[in-house]
Amino acid sequence: MMSTYRIQGATGEWEVVIGLEVHAQVTSNAKLFSGSSTAFGAEPNTQVSLIDAAMPGMLPVPNRECIRQAVRTGMAIEAQINAWSRFDRKNYFYADLPQGYQISQLYHPLVGEGSLTIEADEKAGIGEDKVIGIERIHVEQDAGKLMHDQHPTMSYVDLNRCGVALMEIVSRPDMRSPAEAGAYLRKLRTILRYVGSCDGNMEEGSMRADVNVSVRKPGEEFGTRTETKNVNSVRFVMQAIEHEARRQVDLIEDGGTVVQETRLFDPNSGTTRSMRSKEDAHDYRYFPDPDLLPLELDEDFLAECRASLPELPDAKRRRYVEELGLSDYNARELTAEVETFARFETLLAATARGIGKGEKDVATQVANWSLSVAPGVMNALGDEANPAHATAEAQAAILAMQAGGEISGGQAKEIFEIVLRTGREPGEIAESEGLKQVSDTGAIEAAIDEILAKNADKVEEYRGGKDKLFGFFVGQTMKAMQGKANPAVVNQLLKAKLG
Amino acid sequence: MTELTELGVKAIRDGVAAGDFTAREVAEAFNAAVAGAGALNAFIVATPDKAIEAAERVDADRAAGRELGPMAGVPIGMKDLFATEGVQTTAASHILEGFVPRYESTVSQNLWNAGAGMLGKLNLDQFAMGSSNETSYFGNVVSPWRRKDGGNSPLAPGGSSGGSSAAVAARIAAAATGTDTGGSIRQPAAFTGICGIKPTYGRCSRWGVVAFASSLDQAGPMARDVADCAIMLGAMAGFDPKDSTSLDLPVPAWEAGLSDDLRGRKVGIPREYRMEGTDPEILDSWERGKQWLRDAGAEIVDISLPHTKYALPAYYIIAPAEASSNLARYDGVRYGLRELPADAAGKAAGLQDMYAATRAEGFGDEVKRRILIGTYVLSAGFYDAYYNQAQKIRTLIARDFERAWAECDVILAPTTPTASFPLGEKADDPLAMYLNDVFAVPASLAGLPAMSVPAMLNRDGLPLGLQLVGKPFDEQGVLNAGLAIERRAGFAAKPEKWW
Amino acid sequence: MSVDQTTVAKIASLARIKMSEDELARMAPELSQILDWVEQLGEVDTSEVEPMTAVIPNSLRLRADEVDADPLTGGNRRDDVLANAPAAEHGFFGVPKVIE
Ligand SMILES: [Mg+2]
Ligand SMILES: [Zn+2]
């Protein structure tokens, strides 16, 4: 079933059509065409080369790593990789653009047609998995930054960002609701982070979206779209779509027409407005950059890109379900973030090793621990927890003790709490804090004998058929053992003695 | 002993090495010649101290027995299109007046490393756009040559490397750098009776050279004879990782390879260069050239370059298109001129007003004309009809040459359709001015090495040059054919000193 | 194709070159003449021809991902970058205030 997100207008229902152009900063040490650093947060204009400042006679030389990362990203969305591509100049005048043109790719982008899948999400109104087309990924330069509030009559220009490599990832207009756009962005971010081609840090501007929105009556032709520039969070993108779609519907229904224009999102009000400064920038006079020859990638380069791709989110999720036997829910949660699956896989390996079983045999235990038990303990401790103490070794040791019956689930939590506070070794904690369950049949047998003797009447009743009393005997035994008896052993011995 | 300023590159280098005179003596002689030649307006800035410093280094090296570079002790003029650290670099434009780079172009650095010294920055057509050196913001360069009719009308030294040609011809520099986009080395060399070679595109780094048209610009030497050109080109050329169009090839030993024995070589005579209305004296020089090359052992063959007539119009699309973008960086933000006009109401200029006013004030008419042409041919709707069509024609022109190489090793043609003309004569007729480069432009479009060598004086006593065009990377073939002409033409004329 | 004064004004504005009416009037016929002349390229059938990309056989070299390896292409030279700026303040380039 397709999404049925609709905007109610005076003349009936409207459908919203959304395409996203995501600018993702490529992970690299140096800029796309110069050797200056890409590090975030430096003093103004310190990470600026003569090239970035467009001094006369300066020339661009592309950074191999930026090309490599864009190619790997393309491969991750199963896109066409163009072994022959070119850089073009996009010409316009602005103070954050020292060359007077941005080096980008219009005619022959590095990466062509690809796609990604967003997953069904009932709560968000996404009825089923949906493939979103990606038209292209091209590589281009970021611009500098303007500061308007530091001087009464001047704006200040900082070129530190200028020339940093971006991938512009252009989707097809395949999304039909803010939720789909949000899911697309989150999925794209996950893929980029898996691949390692972008850190996905939206606060630092590593990912920003230009949001193309139009509205139409369902089944009709696409309407005129507007482009809301540089929206820098998933929530804002969803808000911008909602607002922009509503605005367009109201405008059309009031007899107006939507003009194709560039708009700006105001996060404070959640609204969009026309962008004055880009008004006359329609004619970019694109042409191939004569400073740069065509970019030709050989087989070795492409093979290395492919070989260095990690297991990607969809494949990993499928493997967790099919090979590790995890639930769909657990698999999805564990694969959503790079850090999450990385921690999970390390712990899984350590635990399987510790217990001496296969990963599949301990996967569900480790998944539950990773997704709910451990985070629960950590959250409850708050600041008292030192996350550095939560090593895979320590957690694997706890899980092994639990699997071997040495400790109960409750004790596991208690031990983990102490580990988080102190960094002490779990085995030592269990020992010295008495956080172990007794599996010693002698001690348990003695306790059971005493209880059965004291409760001869109940033993009679049980033997007479009152099965429910079994729980009573278990409770009494556990109480006598101060909760430290291994429940499995208790059950087994009780069953034997009660006949 | 002859006057030191009568000596060229080889004679100075060898004389300094042999101890016949010191580099300092040479530098002083040329500094004095520069100081006495103000009437030529060949230099925008003289740098006598730089020349002396370099000479003293060479003398010290010699005294210490250190190896001397191939240009050791040779004082040269540097076209003011090359960025020179600590020395104003203007491209002969008001918009860069006062700009003092904090970097040195690769080519000029190579020359200093080879032991050359800088006499100063040479005048040129503004941003290298022109063929008569009348578009400089710093005034016309006057050719040292005069017609023998007794009239003293100042003549054009050619352009855009007009300061270079005038300085070398007037013996106020032992040699000079030039740059050639569509003939800017060869045409002024022909006008002033000197030699100049534009190497294969990519031989000389463009890094630090103010860009005019990136896909065409090439630096090269302008000197008194072929051997001097071979020596100086050897010092200028070389792979530069900072220029991604730089050729990653070893620099051949051109000087050592010089030979005027052309036995077994075929010289192509392109029939399309015999254009209607060409001056009979030009045709005469061409005939003589054929004979000289025949005398040197070469076989003369007729060839066809069918797309020749389209080269100039294609050039006048491609070069302005690239220039319109390359010159966008001159915007008053990071260097050079800034104009901040207040409007009638006294309201201060906005950013875009600043751009428009700065560029209006900073660029000369010819530069504006070319920026406008370039902007127009790239603008929405015209790109295919103009720019793309011109680039396709460029492919056809390159193909013409490729076919020709099946039939010959080097091509002989006139350098220019006329001898030098009086300043002012064509200044108001852009098209007439552009026609100056009709024979020079095809080799530029095809990126081929091409040279002009003086052939004879015309009836007015003005030099005429012959052009040699070679296969890609075959500067040696061009130099050798040039040498064969030089040895047989016996061109010894030089301008009589009147300045 | 001849260009009229209005077209030249549009192009000049796109190129950010302020031009007076006089200049526009002077420039329009000059540009028309040049454009009429380059128009002859239209005679050539280029339907089977690829536009020129690299004039001399050569392909794009890529550089290693190194920071500041060469001072000529690296950063950390703010003074040099700002040295020629008409209005440099507090480490920034100053421009007339921009309203976005
Ligand atoms: Mg965009
Ligand atoms: Zn972009």
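Conventions used here
- Residues numbered from 1 in each chain as written.
- Chains lettered and ligands numbered in written order.
- Predicted model: local features only at pLDDT ≥ 70, side-chain atom pairs only at ≥ 80, totals over all residues.
- Heavy atoms only, no water.
- UniProt positions renumbered as here; feature names shortened; annotations may be inferred.
- Helix = DSSP H or I, 4+ residues; strand = E, 2+ residues; numbered from the N terminus.
- Rg over C-alpha atoms; globule rule 2.2 N^0.38 Å.
- Buried < 20%, exposed > 50% of the residue type's maximum accessible area, 1.4 Å probe, protein only.
- Contact = heavy atoms within 4.5 Å.
- Areas by Shrake-Rupley, 256 points an atom, 1.4 Å probe, with all protein chains shown as cover.
- Buried area = accessible area lost by both parts, 1.4 Å probe.
- Salt bridge = Lys/Arg side-chain N within 4 Å of Asp/Glu carboxyl O.
- Polar contact = N/O pair within 3.5 Å; in protein donor to acceptor, adjacent residues only side chain to side chain.
- Expected span 1.5 Å × (residues − 1).
- Donors = N, O, S within 2.8 Å, 3.2 Å for Na, K, Ca; no water.
- Pairing = 2+ DSSP bridges.
- Axes fitted to C-alpha atoms, helices over the stretch in contact; angles between N-to-C directions.
- Core = buried A, V, L, I, M, F, W, Y, C linked by side-chain atoms within 4.5 Å.
- Bend = angle between axes of the 7 residues up to and from the residue.

Identification of chain C as Aspartyl/glutamyl-tRNA(Asn/Gln) amidotransferase subunit C from Pelagerythrobacter marinus is taken from an unreviewed UniProt entry. According to UniProt, the comment filed for chain C under the heading Sequence similarities (unreviewed entry) is "Belongs to the GatC family." UniProt annotates chain C under Subunit (unreviewed entry) with the comment "Heterotrimer of A, B and C subunits."

(A) View of the overall build of chain A. On a plain count of helices and strands, chain A comes out with 15 helices and 16 strands. Computed over its C-alpha atoms, the radius of gyration of chain A comes to 30 Å, more than 25% above the 23 Å expected for a compact globule of 499 residues. In terms of its C-alpha atoms, chain A occupies a principal-axis envelope of roughly 95 × 55 × 50 Å. Classification of the 499 residues of chain A by burial places 55% in the buried group. Contacts in chain A between residues far apart in sequence, at least 24 positions, make up 69% of those at least 6 positions apart. As displayed, chain A offers around 21,200 Å² of accessible surface, 49% of which is attributable to carbon and sulfur atoms.

(B) Geometry of the interface of chain B and chain A. Contacts between chain B and chain A engage 36 residues on the former and 30 residues on the latter. For the pair chain B and chain A, the summed buried surface comes to about 2,900 Å²; carbon and sulfur atoms form 60% of the total. Taken as a group, Tyr103, Ser244 and Arg329 of chain B account for 21% of the area that chain B buries against chain A, more than any other trio of residues on that side. Counting every contact that joins chain B to chain A gives one salt bridge. When the shortest N-O distance is used, the salt bridge between aspartate 291 of chain A and arginine 206 of chain B registers 3.0 Å.

(C) Structural detail: the interface of chain C and chain B. At the interface, 55 residues of chain C touch 78 residues of chain B. A combined buried area of about 5,400 Å² lies between chain C and chain B, and 68% of that area is made up of carbon and sulfur atoms. Among the residues chain C hides against chain B, the three largest losses belong to Trp37, Leu41 and Arg61 of chain C. Together they make up 13% of the total. Along the contact surface separating chain C from chain B lie five salt bridges. Lysine 368 of chain B serves as the salt-bridge partner of glutamate 23 of chain C, at 3.4 Å between the closest nitrogen and oxygen. Taken together, the links from chain C to chain B amount to 22 residue pairs in polar contact (both at pLDDT 80 or more). Breaking the side of chain C that touches chain B down by element, the ones donating at least two residues are α1 (5-14), α2 (21-38), α3 (78-82) and β2 (92-96) of chain C.

(D) Seen up close, helix α14 (residues 469-480) of chain A. All names here are of chain A. If you check α14, its first and last C-alpha atoms are 17 Å apart, about what twelve residues at 1.5 Å a residue would give, namely 16 Å. For α14, the full list of buried residues reads Leu469, Phe470, Phe473, Val474, Thr477 and Met478. Residues of α14 that are buried in the fold lie against α12 (441-454), α13 (456-463) and α15 (487-498). Looking one or two residues beyond α14, the residue adopting positive phi is glutamine 482, at roughly 55°.

(E) Inspection of the coordination of the zinc ion (ligand 2) at higher detail. Residue and element names in this part refer to chain A. Donor atoms from the polypeptide that coordinate the zinc ion (ligand 2) comprise His23 (NE2), Glu140 (OE) and Glu168 (OE), at 1.9 to 2.1 Å from the metal. Look at where the donors of the zinc ion (ligand 2) fall in the sequence and you get H-x116-E-x27-E. Here the zinc ion (ligand 2) and the magnesium ion (ligand 1) are spaced 4.5 Å apart. Residue histidine 23 is found in strand β2 (residues 12-25), and its partner glutamate 168 is found in strand β10 (residues 165-171); the two are separated by 145 residues along the sequence. For the residue pair histidine 23 and glutamate 168, the accessibility class agrees, reading buried in each case.

(F) Structural context of the sheet that holds strand β9 (residues 154-158) of chain A. Reading across from one edge, β8(A)-β9(A)-β2(C)-β1(C) is the order of the four strands in this open sheet, with antiparallel pairing throughout. Taken across any chain shown, the strands that pair with only one partner, and hence form the sheet edges, are β8 (145-147) of chain A together with β1 (88-89) of chain C. Across four bridges, the pairing between β9 of chain A and β2 of chain C is antiparallel. From the neighbouring strand, serine 155 of chain A faces β2 of chain C, where its bridge partner is valine 95 of chain C.

(G) View of the sheet that holds strand β3 (residues 117-122) of chain B. Residue and element names in this part refer to chain B. As summarised here, the arrangement of the eleven strands in space is β1-β3-β2-β4-β6-β5-β10-β11-β9-β7-β8, forming an open sheet in which the pairing is mixed. Two strands close off the open sheet at either side, each with one partner strand: β1 (43-46) and β8 (299-303). Averaged over all neighbouring strand pairs, the angle between strand axes comes to 30°, with direction disregarded. With three bridges joining them, β1 and β3 adopt antiparallel strand pairing. Residue pairing across strands places valine 45 opposite lysine 121, the latter belonging to β3. Packing of helix α4 (residues 106-113) onto the sheet brings it into contact with β2 (75-79), β3, β4 (175-180) and β6 (218-223), and relative to β2 it is tilted by some 175°. Along the sheet face, helix α8 (residues 280-295) touches β7 (266-270), β8, β9 (410-414), β10 (450-457) and β11 (463-470) and points at about 55° away from the line of β11.

(H) Quick look at the nonpolar core. Ranked by size, the top nonpolar core spans 219 residues in total, and within it Met71, Ile76, Leu111, Phe127, Leu293 and Phe401 of chain B carry the most contacts. Per-element tally for this core: the top contributor is helix α9 (residues 308-326) of chain B, with eleven residues. Every residue in contact with phenylalanine 127 of chain B, bar those within four places of it in the chain, is listed here: Leu81, Ala91, Ser93, Ile95, Leu96, Val210, Phe212, Leu327, Tyr330, Phe363 and Val367 of chain B. Counting 108 residues, the second largest nonpolar core, distinct from the first, contains Ala70, Ile81, Leu312 and Phe341 of chain A.

(I) Examining α9 of chain B more closely. Residues and elements named next belong to chain B. End to end, α9 covers 27 Å across 19 residues, agreeing with the expected 27 Å (1.5 Å per residue, within 8%). Along its length, α9 shows its largest kink, about 30°, at alanine 314. In terms of residue burial, α9 counts as a mostly covered element, since 18 of its 19 residues are buried.

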